[in-house]
Amino acid sequence: MTHLPRFETQDISWAPPRRHRGQLRCLVAGGAGFLGSHLCDRLIEAGHSVICIDNLLTGRTKNIAHLMEHPDFTFLRHDVIAPLQMYGELDRIYNLACAASPPKYQLDPLHTFQTCVAGSMNLLSLAERTGARILQASTSEVYGDPDISPQREDYRGRVNTTGPRACYDEGKRAAETLFHDLQAIRGIDTRIARIFNTYGPRMDPEDGRVISNFVTRAIRGAPLQLYGGGTQTRSLCYVDDLISGLVALMESETVGHDPVNLGNPGEYTVAELAHIVRDMCESRAPLVVSDLPLDDPMQRCPDITRAETRLGWRPEIALRSGLVPTIAYFRAEIAGVETATAP
Ligand code: NAD
Ligand code: UDP
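Looking up the protein in an unreviewed UniProt entry gives the name SDR family oxidoreductase, with the organism given as Thioclava electrotropha. Entered under Cofactor (unreviewed entry) in the UniProt record, the comment concerning the protein runs "NAD(+)".

Right, dumping it as C-alpha cells:
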C-alpha cells in the first residue's frame, strides 16, 4: 500500500571555492541514476564541481563509484521531497530525480507524483535562494498517447489523468507548470527539456524498459515480449547525444524558457527493435506477444526543429551504433551477476 512518505529537511553545507575561472558549481538531483550519472561524468570532465543528490530508489552507487574520490564530486543521499537547506552557492541545478521506468514509477505512484511536484518545488526554491539556473528533466510522456506525430512542443498532449501512468505524466506536466510560473513570477532562470526514450550503458538491467528487457533477454536466450504485438513505435536516443543536448540547453543564453524536445527522430516499431536487438546479440531467443499495458502510447517521435534552430543540437549516434556499447555493457553486467551467484 502506498503511504505518505515523510522525509527530514536536510541541511547541506556546501561552499566549494571555485578552483578555476569558468568552473560551475552544479547540483545534479537523481545523479546516481542512468542519465544523471552520465551527466555527472560530463560535468566533472568539463572541470566543474558536482554535488550529486539521490535517494537511491532506482539509482545505484556503482554508477558513480568511480567519481567518489574525485575532489570536485560530492554524493549526498537525500530525497528531494524534503526541503534542502543549502548554505553554499550554486550556479546550476539539474533536476533528474524521478524513476523513469514505467514498472518502477508505478510501484509507489504517490511517491512518484510527490517527487515530480514537491521535489521540483524544493529545487526551484533552492535555485531562487542560490541564484542558480535550473533545468527540469521533463519527458515526452507529457504528450501522452499522441494523436499527432511527430510531436512538436506546442502540441498539448493526450494524457489520462487517472490511469496507471498518470502519477508520472501528470507529475511531469505539473512540474513544467511550476517551472513556468516561478520563472514568470519570481524570475528564476529555468530550462525545460522534454526527453524522449534514451538508452545506453548504466541502465539498470532489471528496470523493465524496452531496451534493457530486450537486450538482457536476448543475451540470456529468454523470450522477448512484445507488449500488444509490438506495433507501437518509439524513437531512441543514445545517452551521449542526450547529455550533450541537456548541457547545450542549460548553457544556452538565448534559448529562452520554453520546453525543448530532446530525442532522436529515428522511429521504430517495438517489433522492429526486438529484431534488431536479437540480431545484434546473435541470439535465437523467441519473440512472444503479451498484453499491452493500459495507456501505453502507440506512437512516439520527436520533432526536434526547436533544438536544432535554438541550440544547434541534433543527435549523431544511430541506433545500431549506440546498441554496440549498450549490448557490451549488459553482457558485462550479466556476467558479473552470474559470477557472483555461481556455486
Ligand atoms: P533513473 O531511474 O535511472 O534515474 C532517476 C534517479 O532519480 C535515480 O537515481 C533515483 O534513485 C533518483 N530518484 C528518484 N526519486 C527520487 C527522489 N524523490 N529524491 C531523490 N532522488 C530520486 O532514470 P533515468 O532514465 O536516468 O531518468 C532521469 C530523468 O530523466 C528522470 O527525471 C526521467 O523522468 C527523465 N527522463 C528519462 C527518459 C529516459 O528515456 N531515460 C525519458 C524521459 C525523461
Ligand atoms: N515494451 C515491450 N516489451 C518489453 C518492454 C517494453 O513491448 O519487454 C514496450 C512498451 O509496451 C512500450 C515500449 O516498449 O510500448 C517502450 O517501453 P518503455 O518501458 O521502455 O518506455 P515507455 O516509452 O513506455 O515509457
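Draft legend 1. Seen up close, the site of ligand 2. Ligand 2 sits among 15 residues. The nearest are Arg209, Val210, Asn213, Tyr227 and Gln232. Elements supplying a minimum of two residues to the shell around ligand 2: helix H5 (210-220) and strand E10 (224-227). With three residues, E10 is the largest single contributor of residues to the shell around ligand 2.

Draft legend 2. Quick peek at the site of ligand 1. Taken together, 28 residues form the shell around ligand 1, and within it Gly30, Gly33, Leu35, Thr58 and Gly59 come nearest. Of all the secondary-structure elements, those providing two or more residues to the shell around ligand 1 are helix H1 (34-45), helix H3 (109-130) and strand E7 (133-139). It is H1 that provides the largest number of residues to the shell around ligand 1, a total of three residues. When its residues are assigned to classes, the shell around ligand 1 shows 15 nonpolar, eleven polar and two charged.

Draft legend 3. Representation of the sheet that holds strand E13 (residues 259-262). In space, the seven strands of this open sheet follow the order E4-E3-E2-E6-E7-E8-E13, with parallel pairing throughout. Each edge of the open sheet is held by one strand with a lone partner, namely strand E4 (73-77) and E13. Between one strand axis and the next, the sheet turns by 20° as a mean value, whatever way the strands run. With five bridges joining them, strand E3 (residues 49-54) and E4 adopt parallel strand pairing. Bridged to Ile51 within E4 is Thr74.

Draft legend 4. Molecular detail of the packing of H5 against helix H7 (residues 270-280). Two numbers describe how H5 lies on H7: the axes approach to 9 Å, and their chain directions differ by 40°. Comparing their axes, H7 and H5 come out oblique. Here H5 and H7 pass one another in a crossing that is right-handed. On H7, the residues touching Val210, Phe214, Val215 and Ala218 of H5 are Val270, Leu273, Ala274, Val277 and Arg278. Of the residues belonging to the contact of H5 with H7, the class tally is eight nonpolar, no polar and one charged.

Draft legend 5. Main features of the UniProt feature "domain: NAD-dependent epimerase/dehydratase" (unreviewed entry) in the protein. UniProt records the feature "domain: NAD-dependent epimerase/dehydratase" (unreviewed entry) at residues 27-263, using the numbering of this structure. Summarising residues 27-263: 35% helix, 21% strand, and an end-to-end C-alpha distance of 23 Å.

Draft legend 6. Focus on the environment of Gly228. The topology assignment puts Gly228 in the loop between E10 and strand E11 (233-235). Once the C-alpha coordinates of Gly228 and Val288 are considered, the two residues, 60 residues apart in sequence, prove to be 10.0 Å apart.

Draft legend 7. Structural detail: the pairing of E7. Counting buried positions over the seven residues of E7 gives seven, a clear majority of the element. Bridge analysis of strand E6 (residues 92-95) against E7 gives four bridges, and the strand direction is parallel. Each bridged residue has a counterpart across the sheet, and for Ile93 the counterpart in E7 is Ile134. Relative to strand E8 (residues 190-195), E7 runs parallel, the two being bridged by six bridges. Its bridge partner lying in E8, Gln136 is registered against Ile192. One crossover worth recording links E7 to the parallel E8 by way of helix H4 (residues 166-186), and it is right-handed.

Draft legend 8. Molecular detail of the confidence of the model for the protein. Summing up the model confidence of the protein, the mean pLDDT is 94 and the portion of residues at 70 or higher is 94%. Ignoring residues within four places in sequence, the model shows residues 1-5, a span with pLDDT below 50, making six contacts including any to other chains. Scored as a complex, the prediction yields pTM 0.96 and ipTM 0.99.

Parameters at a glance
- Residues numbered from 1 in each chain as written.
- Chains lettered and ligands numbered in written order.
- Predicted model: local features only at pLDDT ≥ 70, side-chain atom pairs only at ≥ 80, totals over all residues.
- UniProt positions renumbered as here; feature names shortened; annotations may be inferred.
- Near = placed C-beta within 6 Å.
- Helix = DSSP H or I, 4+ residues; strand = E, 2+ residues; numbered from the N terminus.
- Nonpolar A, V, L, I, M, F, W, Y, C, P; charged D, E, K, R; others polar.
- Pairing = 2+ DSSP bridges.
- Axes fitted to C-alpha atoms, helices over the stretch in contact; angles between N-to-C directions.
- Parallel < 35°, antiparallel > 145°, perpendicular 65-115°, else oblique.
- Left-handed = near helix turned anticlockwise from the far one by under 90°.
- Contact = placed C-beta atoms within 7 Å.
- Buried ≥ 20, exposed ≤ 12 C-beta atoms within 10 Å, placed from the backbone.
- Right-handed = clockwise from strand over helix to strand, strands pointing away.
- pLDDT = per-residue confidence, 0-100.

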